[in-house]
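In case you want the letters, here they are:
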Amino acid sequence: MSEQMLVVAVWVHLSCATARSRLALAWAQRRDDDGVDEAVTKMIWLAVGIVVAMAATAFFTTKFNQARDSVPDPVVP
């Protein structure tokens with residue numbers, strides 16, 4: 001292997017090891033937060049809930065309109 005390839009290989013290995021150790025540390029400390037990140041999580045869940053509610057409303061409105069259109073008009077005797 002050339003010297004440049006060896007330097008690149010060592011650099012990649014150290015970068016991965018650093019990222020892995022930072023990830024492990026963040027995972028270990030995930031419950032130590034004092035609620036700062038909790039607000040972001042709640043906002044994300046709120047946005048997901050709103051999107052799901054809008055999709056459900058659109059679906060049921062479409063189904064209701066299809067069912068309404070398939071009912072024949074009443075005939076006067």
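Residues numbered from 1 in each chain as written. Predicted model: local features only at pLDDT ≥ 70, side-chain atom pairs only at ≥ 80, totals over all residues. Heavy atoms only, no water.

A look at a nonpolar patch on the surface
Stated formally: Patches here are clusters of residues that have more than 30% relative accessible area and form no salt bridge, with a 9 Å joining cutoff for like charges and a 5 Å cutoff for nonpolar side chains (Val, Leu, Ile, Met, Phe, Trp, Tyr). Only the protein chains shown count as covering a residue, and every accessible area follows the Shrake-Rupley method with a 1.4 Å probe. We define a salt bridge as a side-chain nitrogen of Lys or Arg found within 4 Å of a carboxyl oxygen belonging to Asp or Glu. In this text, helices come from DSSP runs of H or I with a minimum length of four residues, and strands from runs of E with a minimum of two, each type numbered from the N-terminal end. Remark: exposure states derive from per-residue accessible area (1.4 Å probe, protein chains only) relative to the maximum for the residue type, with buried under 20%, exposed over 50%, and partly exposed in between.
Together, Val40, Ile44, Trp45, Val48 and Val52 make up a nonpolar patch on the protein surface, roughly 530 Å² of accessible area in all. Tracing the sequence through the fold places Val52 in helix α2 (residues 36–70). On the basis of relative accessibility, which here comes to 53%, the residue Val52 falls in the exposed class.

Quick notes on the packing of aromatic side chains
For any pair of aromatic rings, geometry is given as the distance between the ring centres together with the angle between the planes. To keep it simple, the criterion reads: Any pair of Phe, Tyr and Trp rings, taking the six-membered ring for Trp, is counted once the centres come within 6.5 Å. Such a pair is stacked with planes under 30 degrees apart, edge-to-face with planes over 60 apart, and tilted for the rest.
Overall, the coordinates contain one aromatic pair when judged by the stated rule. Judged by centre distance (5.2 Å) and plane angle (70°), the rings of Phe59 and Phe60 are edge-to-face. Phe60 gets classed as exposed once you look at its relative accessible area, which sits at 55%.

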